[in-house]
Amino acid sequence: MWRSSPSWEPAWWRCRCWSQKFETYESGVPTIGQAWSQFNVRYYLFSLVFVVFDVEIIYLYPWAVIYRNQGPAAFYDALIFLGILALGLLYAWRKGALEWV
Amino acid sequence: MPWYLELLRAIAGTILIFSGVAVVAAMFGVLLERKISAWIQSRLGPKHVGPQGLLQTIADTLKLLQKEHIVPRNADPTIFASAVLVVPLAALLDYVVIPFGTAGGGRPLIFRDLNIGVLFFAATSALVVVGILMAGWGSNNKYALLGGLRSASQMVSYEIPMGLALITVAMLAGSLSTVKIVDAQAHWWYVVEQPVAFVIFLIAATAEVNRVPFDLVEAESELVAGYFSEYTGMRFALFQLGEYGEMFAMAAMAVTLFLGGWRGPVLPPVLWFVIKLYALIFVFMWVRWTLPRFRIDQLLGFSWKVLIPVALANLVVTAYVVMIVQR
Amino acid sequence: MTGEAIAFYVLAAITLASGVVVVRSPNIVHSAVALIPAFLGVTGVYILLGAEFVAGIQVLIYAGAITVLILFVIMLTEGGTGLRLRQVNEQETIGAMVAGVIAALLVVGITRTGWHAGMGALPAYTPGAIGQSFLGPNLLVFEGTSIVLLVSLIGAIIIARKEE
C-alpha cells in the first residue's frame, strides 16, 4: 500500500509514508518469505471431527425440545444415536486423531 | 407488519443500540479489567484521566480513532479489511436473543424472542471463528496466522461441549427460546439442577472468548497480539470491541440459562440481570489474573477427552432422570 | 413488488454475486471466504420461507463449520503456498456452458409448470415439529444419520492418516 506523496504535500506529511511502515511486523527483524505456507494435518483432523460432532448436536436440538412430552422410547432412541457417535469419538481417540503430535 | 420486516427491524435496532450501549459496556469492561488486574496485583491501575481513571478507556478510544490505518504491503487487502467487520458483528448479533429483564406488564425485554434462540446464539458465536481465521490469514504475518489457526482449532473444539450444555438446558426447559428458558426457572435456577452443565458452559465460554487460561491465541509473550497483531487504530479497537462484546454475551447467556436470567426478589429485574452479569464478568477476570496458561495439546485434549465425554454423560444421565421422574 | 419479493431479490443477488466470486476468483482463499456471504444469502431465503431452524443450521454448520474446514484444507495443501499465482481453469468455457444450460432448463421448468395453489396450513419447520418427525415417521433417518456420521468420521481419519 505504498503510495508516493504528491509534491504539494508538506514535508511532515510526506515522511509518514516511508516504506518500513508497511513491513510485516516480525519483532523488528526483516521478514523472510511469506507467512502463507503449508500447515500441519492436525488442524484439519480437529476441524473434521468438529464438523461431525457439530452435525450431531444439530440433530439433538429438535429431540431436546420435545423430549419432556415423550415416553421412554425417546430416551432409548437418543441413547442409540449418542452411542453410535460415542463409538466414533472412541475410534478417533484410539487412532490418535485427538493427539496434538 | 410482516415478521421478516420485524426481524430486520430487530437486527437494525440491535446494531443501533450497540453503537450506544454495548460499546460503552465494552469500554467499561476494558476499564474494569484494568482496575481488577491492578487490584489483584496490588497496583493502582489507571488513575489520572477523570475521577479514579474512569475516563481512561474513552481517552484510549479517542486516541485509537485518530490513528491511521496501516495495511502491510504483504497483506491481502480485501480479506484484511473484511475480517474487521465479521468479528464485532458476529459478537453483537448474539445480543438479539438475550432477555435483559422485563418491561411493563411482565413483557420480556428482548430484541426478538426467536423460537430458535439458543441455536441462534450458538450459530452467531460460531461466525467469530471465521472472522479470526480471516484476520490471521489476511495479515500474512507469521504471528497472526499462527494465532488465527490456534484460535480456530481451539474455538471449534470448545463449541461442542458448549453445544451439549445448551442442549441439556433446552431439554429441561422444553424449548430453545431464551424467554421460555428463563420462565422455566421460576422455582429453581438451572445451576442447581445442572451444576455440571454450568461448569462446562463457563469453561467453554472462557475458551470461546480466548481468555486465560485458554489465551494461546494471543499469548503475548509468544505471539505479540495474535491474530490482530497487524491491525492499527480503529480496526484494532473494533477487534477489542468484538472480544469484550463476545465476553459479555457469553456471560449474559450463562446468566440466562443457568442463573435464572432477570429473576430475583425485591430489586427490579434489569438490575438483577446486571448484577448477575457483572458477577460472572468478575469471575472471568479473576480467573484471568490468577491462573497460568495451558499448553495447546493440553487445551485440545482437555476439550475432547474430558469435557465432551463428561458433557455427553451429563446429557444422558439428565435425560434418564427426566424420564424416571415423569413416570 | 411486495417487501418479501424485494427481500428475496436482494438475497438472491448477494448469493449469486458471491457465487460468481467463488467460481471466478483467481485466489483460492478468496473463493473460500466468498462462500460465507453465499451461505448467509441462502440463510436469508430460509428465513423468508419461515424455516428458522433450517436457517440456524445453515449458519452454524455451513457458514461456521464447513468454511473453517475448507480454509484448513486449503492451508493443508500446497494451495496455501502459491497463492500469488493465478489459478487457471482450462474447462472454463465448457463449465460456463453447462451452468448456462442447467439454469435455462430450471427456468423453463419452473415457469412452465402449472403450480397448484396449496391447500391447508404450511408445514411447520419449528424444532418441535422436526423433533416429532425424528421420533415418529423419520426415526430410521435419525438413527441412520449417526451411522453416516460415524462412517464419514472413520473414513476421514483413515484418509488423513494415509496423507501423513
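Residues numbered from 1 in each chain as written. Chains lettered and ligands numbered in written order. Predicted model: local features only at pLDDT ≥ 70, side-chain atom pairs only at ≥ 80, totals over all residues.

1. Thoughts on the overall build of chain C
Stated precisely, the cut-off is as follows: To qualify as a helix, a DSSP run of H or I must reach at least 4 residues; to qualify as a strand, a run of E must reach at least 2; elements of each kind are numbered from the N terminus. Working definition of burial: number of other C-beta atoms within 10 Å of the residue's own, with buried at 20 or more, exposed at 12 or fewer, and partly exposed in between, all C-beta atoms being placed from the backbone.
Helix and strand counts for chain C come out as six helices and zero strands. The secondary structure elements of chain C, listed N-terminal to C-terminal, are α-α-α-α-α-α. Put simply, chain C has 164 residues, and 25% of those count as buried.

2. Let's talk about the interface of chain C and chain B
So the rule is basically this: Working definition of a contact: two residues with C-beta atoms, positioned from the backbone, lying within 7 Å. When residue character is reported, Ala, Val, Leu, Ile, Met, Phe, Trp, Tyr, Cys and Pro are called nonpolar, Asp, Glu, Lys and Arg charged, and the others, Gly included, polar.
If you look at the interface, chain C gives 22 residues, while chain B gives 23 residues. Listed by contribution, the elements that provide at least two residues to the side of chain C that touches chain B are helix H1 (3-24), helix H2 (28-48) and helix H3 (52-76) of chain C. By residue number, the principal contributor to the side of chain C that touches chain B is H3 of chain C, which donates eleven residues. In terms of residue class, the side of chain C that touches chain B is built from 14 nonpolar, six polar and two charged.

3. Looking at H3 of chain C
Our working definition: Residue count minus one, scaled by 1.5 Å, sets the expected span of a helix.
The end-to-end C-alpha distance of H3 of chain C is 34 Å, a good match for the 36 Å that 25 residues give at a rise of 1.5 Å each. When you tally the buried positions in H3 of chain C, you get 18 out of 25 residues, the bulk of the element.

4. Points about the nonpolar core
The following threshold applies: Throughout this description, the term nonpolar core refers to a group of buried Ala, Val, Leu, Ile, Met, Phe, Trp, Tyr and Cys residues whose C-beta atoms join them within 7 Å.
In terms of nonpolar packing, the biggest core is built from 169 residues, with Ala170, Phe201, Ala251 and Ala254 of chain B touching the most fellow members. Apart from residues lying up to four places away in sequence, Ala170 of chain B is in contact with Tyr61, Ala64 and Val65 of chain A together with Val118, Ser175 and Leu176 of chain B.

5. So, the environment of Ala103 of chain B
Inspection of the secondary structure assignment puts Ala103 of chain B in the loop between strand E1 (101-102) and strand E2 (108-109). Taking the C-alpha atoms as reference, Ala103 of chain B lies 8.9 Å from Val270 of chain B; in sequence the two are 167 residues apart.

6. Structural notes on the environment of Ser31 of chain C
Residue and element names in this part refer to chain C. With respect to the secondary-structure elements, Ser31 resides in helix H2. Taking the C-alpha atoms as reference, Ser31 lies 6.2 Å from Val21; in sequence the two are ten residues apart. Residues within four places of Ser31 in sequence aside, it is in contact with Val22 and Ser25.

7. Quick notes on the interface of chain A and chain C
Taken together, the contacts link 37 residues of chain A with 39 residues of chain C. Secondary structure elements with two or more residues in the side of chain A that touches chain C: helix H2 (41-66) and helix H3 (72-94) of chain A. Looking at side-chain class alone, the side of chain A that touches chain C contains 28 nonpolar, five polar and four charged residues.

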